[in-house]
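Here is what each chain is made of, one letter per residue.
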Amino acid sequence: MPSADAADATPAAAPPPRAAISHVIFDTDGLLLDTEGFYTAVQEKILGRYGKVFDWSVKAKMMGKTTAESTRILFEECGLTGLLTPEQFLQEREIMLKELLPTCMLLAGVVCLIHHLHANGIPLAVATGTHKHHFALKTQNHQEIFSLMHHIVTGDDPDVKAGKPSPDIFEAAMRRFESDVEPGNCLVFEDAPLGVAAAKTAGMHVVMVPDARLDVSHHKEADQVLSSLLDFNPSDWGLPPF
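Keep in mind that what you see is a predicted model, and the values were worked out from it rather than measured. (Residues numbered from 1 in each chain as written. Predicted model: local features only at pLDDT ≥ 70, side-chain atom pairs only at ≥ 80, totals over all residues. Heavy atoms only, no water.)

1. Regarding the overall build of the chain
And step 1. A count of helical and extended segments in the chain gives 10 helices and six strands.
And step 2. Its C-alpha atoms put the chain at 85 × 40 × 30 Å along the principal axes.
And step 3. Counting across all 242 residues of the chain, residues that qualify as buried make up 50%.
And step 4. Within the chain, residue pairs in contact and separated by at least 24 positions form 66% of the contacts whose partners lie at least 6 positions apart.
And step 5. Of the roughly 11,600 Å² of accessible surface on the chain, 56% is carried by carbon and sulfur atoms.
And step 6. One way to put it: in the chain the 19 positive side-chain charges average out to a point 7 Å from where the 32 negative ones average out. (Helix = DSSP H or I, 4+ residues; strand = E, 2+ residues; numbered from the N terminus. Buried < 20%, exposed > 50% of the residue type's maximum accessible area, 1.4 Å probe, protein only. Contact = heavy atoms within 4.5 Å. Areas by Shrake-Rupley, 256 points an atom, 1.4 Å probe, with all protein chains shown as cover. Lys, Arg positive; Asp, Glu negative; His and termini not counted. Charge placed at Lys NZ, Arg CZ, Asp CG, Glu CD.)

Right, dumping it as structure tokens:
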């Protein structure tokens with residue numbers, strides 16, 4: 001008869017997975033690539049000349065939006081109308097971003113997770129609100145990782161009629177996998193509240209990896225919130241374990 005100590009040492013059964021995930025979709029900015037700081041620095045610099053402050057309450061509303069929509073929000077929230085035009089703002093921002101974006105780095109945990117999922121035959125895609133030309137700048141030094149994606153959907157794709165929180169981009173990404181895929185079998189990785197909302201509206205599961213400065217009130221829609229991709233456990237979602 002086993003001793004009480006031996007019985008106590010028996011490992012607890014692993015909890016059942018949250019869902020049966022077969023396909024994974026990634027956002028890019030602030031999730032795979034450390035680019036959000038560039039956008040913040042550029043916008044702070046331009047706004048500073050007009051005595052305006054770019055803070056996280058404004059940034060949270062802009063994250064995940066298309067360029068046109070995020071610019072509209074910035075102008076409304078910061079009272080920029082009459083000080084410069086959206087075209088002038090975007091032109092100046094573009095000059096600075098062209099220098100900065102190619103220098104961006106992959107965030108912690110990205111290489112390990114993507115290699116692991118790809119090696120285990122999990123189809124992967126990117127769904128990013130950024131436009132094609134910016135996406136090319138950001139990823140030009142990280143093709144080894146992005147070449148493992150089955151496909152990439154950018155914010156200026158013809159099938160993306162509306163930006164996040166519309167579900168368009170995630171629905172387009174799901175449709176482009178080779179087999180029929182149900183939304184409930186898709187897991188989306190996001191850092192932005194609007195992206196989380198878009199994925200949930202599409203009927204998908206969402207792991208959120210938010211910036212630590214984002215107010216926790218923005219976490220509530222996500223199915224799981226992690227501080228880093230290093231903390232992700234594939235077994236939680238029925239995916240092959242590390």
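This is not the end of the story, as more comes after the structure.
2. Concerning helix H7 (residues 132-139)
And step 1. Along H7, the residues classified as buried are His134, Phe135, Leu137, Lys138 and Thr139.
And step 2. Its buried side turned inward, H7 meets helix H2 (36-48), helix H5 (86-100), strand S2 (124-128), helix H8 (143-146) and strand S3 (151-154).

3. Concerning helix H4 (residues 67-78)
And step 1. The terminal C-alpha atoms of H4 lie 16 Å apart, and with 12 residues this matches the ideal 16 Å at 1.5 Å per residue to within 8%.
And step 2. Buried within H4 are the following residues: Thr67, Ser70, Thr71, Ile73, Leu74, Phe75 and Cys78.
And step 3. Buried residues belonging to H4 abut H2, helix H3 (56-62) and H5.
And step 4. A positive phi of about 60° marks Gly79, the residue just after H4. (Expected span 1.5 Å × (residues − 1).)

4. What about the packing of H2 against H5?
And step 1. Packing of H2 against H5 leaves a shortest axis separation of 10 Å and a crossing angle of 140°. Taken together, the axes of H2 and H5 lie oblique to each other. Pair H2 / H5 crosses with right-handed handedness. Two secondary-structure elements touch here, H2 through Phe38, Tyr39, Val42, Gln43, Lys45, Ile46 and Leu47 and H5 through Phe89, Glu92, Arg93, Met96, Leu97 and Leu100.
And step 2. Split into classes, the residues belonging to the contact of H2 with H5 amount to nine nonpolar, one polar and three charged. (Axes fitted to C-alpha atoms, helices over the stretch in contact; angles between N-to-C directions. Parallel < 35°, antiparallel > 145°, perpendicular 65-115°, else oblique. Left-handed = near helix turned anticlockwise from the far one by under 90°. Nonpolar A, V, L, I, M, F, W, Y, C, P; charged D, E, K, R; others polar.)

5. Thoughts on the layout of surface pockets
And step 1. The volume enclosed by the largest pocket comes to roughly 410 Å³.
And step 2. The wall of the largest pocket is formed by 26 residues, among which Tyr39, Met62, Lys65, Ser70 and Arg93 lie closest to the centre.
And step 3. Listed by contribution, the elements that provide at least two residues to the lining of the largest pocket are H2, H3, H4, H5 and H7.
And step 4. Of the residues assigned to the lining of the largest pocket, the class counts are six nonpolar, 11 polar and nine charged.
And step 5. Of the voids in this model, the second largest pocket is the one considered here, and its volume is about 350 Å³.
And step 6. Listed by contribution, the elements that provide at least two residues to the lining of the second largest pocket are H2 and H3.
And step 7. Residue contributions to the lining of the second largest pocket peak at four residues, all from H2. (1 Å grid on protein atoms, 1.4 Å probe; cavity = no way out; pocket = protein on both sides within 12 Å on 5 of 7 lines; lining within 4 Å. Points joined across faces, edges and corners; volume = space filled by probe spheres on them.)

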